[in-house]
Amino acid sequence: MLRRMFGAAACSAAAYFAVAMGTAGAAFAEVGHPVDGQLGLQSPGSTGMEQIVGIYDVVNITIIAITIFVMLLMLYVMFRFSEKNNPTPSRTAHHTMLEVAWTIVPILILVGLAIPSFRLLYEQYSFPKPDITIKATGNAWFWEHEFLLDKQEGMKNVTVTSNVVSDEDLIKASIGAEAFAQKYGELTGVARNEALYADSAALWAANIAPRKLAVDQAIAVPVNKVVHMLVTSNDVIHSWTIPSFGVKMQAVPGRTSAFWFKPTKTGAFHGQCSVLCGKLHSAMPISVYVVEQDVYDKWMAALQAKDKKGATEILKAAETARLQALKPVAQLSN
Ligand SMILES: [Cu+2]
């Protein structure tokens, strides 16, 4: 919140110092994921989240102002009307104007807060015409994203399944399955987890997505387009969310819920299943890459051709290029 109050300049300065000091998150861009030492909400990546952050700031500033006012008033009363300073108290019991004022002013404050809040709620439930519709299905423990495209010429529906990337996956990809088996085959339990955690740290630092939030196959949406999300579940209740988009929806078996968002920034946006759903609840992250329309078209063409690996490479290349473009400013590589 403080970061918001001091505006974008302070925010980018803070990001710059976080990066310059080589803290975790240095390899990532400024949006779409939590950062160390973060205060308040993740920076907005959609029109809805921009509004949420706006209201959040207004409410917070109002609360802080009221708290300071009441505190000063109490301090004043304690000193000014203490037994020492005011030995003969006044016998005044009522003051009509004062009583009217302290009833009306809080009402006005609440109405003032309610108006933008209700407007936002109304907009969240007013669905603009969609450019893309995606059906997200929660499974124990991964997400499936079906792009509903069969109304478009020459397009088929495609399903993207997102599984978490573990420390083990990353090390295996780096040294190969055989070397992995040799190195870690003997280890079990905590010792194995600790070894994998320690040995993958450098790989995560260089990875395009943060640890615990990385998926093997992310989905992509074009920037500045309206996305309708339909959310359901195959087994227990999950919850689909991307904090930077300001969206969160319970995935309930046998029921389809809907929400919409319009991303305004390119980049990789990460979220996690947000309802405690079982043993591997922590292992079902969600990744949405917001890309330019031409990148999206290429990505979708690769998916239509059943080239899932090629599709993922397209997204990685786009995100790498975006991070490279930020490099001169923020010195992204250590
Ligand atoms: Cu879940």
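Summary of the structure given here. (Residues numbered from 1 in each chain as written. Predicted model: local features only at pLDDT ≥ 70, side-chain atom pairs only at ≥ 80, totals over all residues.)

1. Here's the deal with the overall build of the protein
Stage number 1. Regarding its fold elements, the protein presents nine helices and ten strands.
Stage number 2. The buried share among the 334 residues of the protein stands at 26%.
Stage number 3. Long-range pairs, those at least 24 residues apart, make up 68% of the contacts in the protein with a sequence separation of at least 6. (Helix = DSSP H or I, 4+ residues; strand = E, 2+ residues; numbered from the N terminus. Buried ≥ 20, exposed ≤ 12 C-beta atoms within 10 Å, placed from the backbone. Contact = placed C-beta atoms within 7 Å.)

2. Some thoughts on the environment of His33
Stage number 1. With respect to the helices and strands, the residue His33 is situated in the loop between α2 (7-20) and α3 (47-80).
Stage number 2. For the pair His33 and Pro243, spaced 210 residues apart in sequence, the C-alpha to C-alpha distance is 8.0 Å.

3. Considering the sheet that holds strand β4 (residues 219-222)
Stage number 1. Taking strand neighbours across the sheet as the criterion, the three strands line up as β4-β10-β9 in an open arrangement whose pairing is mixed. A strand with exactly one partner marks an edge of an open sheet, and here the two such strands are β4 and β9 (267-272). Put simply, the sheet's adjacent strands are angled 25 degrees from each other on average, direction ignored.
Stage number 2. With six bridges connecting them, β9 and strand β10 (residues 285-291) associate as antiparallel partners. Paired with Phe269 across the bridge in β10 is Val288.
Stage number 3. Taken strand by strand, helix α8 (residues 293-304) contacts β4 and β10, and its axis lies near 140 degrees from that of β4. (Pairing = 2+ DSSP bridges. Axes fitted to C-alpha atoms, helices over the stretch in contact; angles between N-to-C directions.)

Interpretation note: all reported values are geometric properties and have no functional meaning in isolation.
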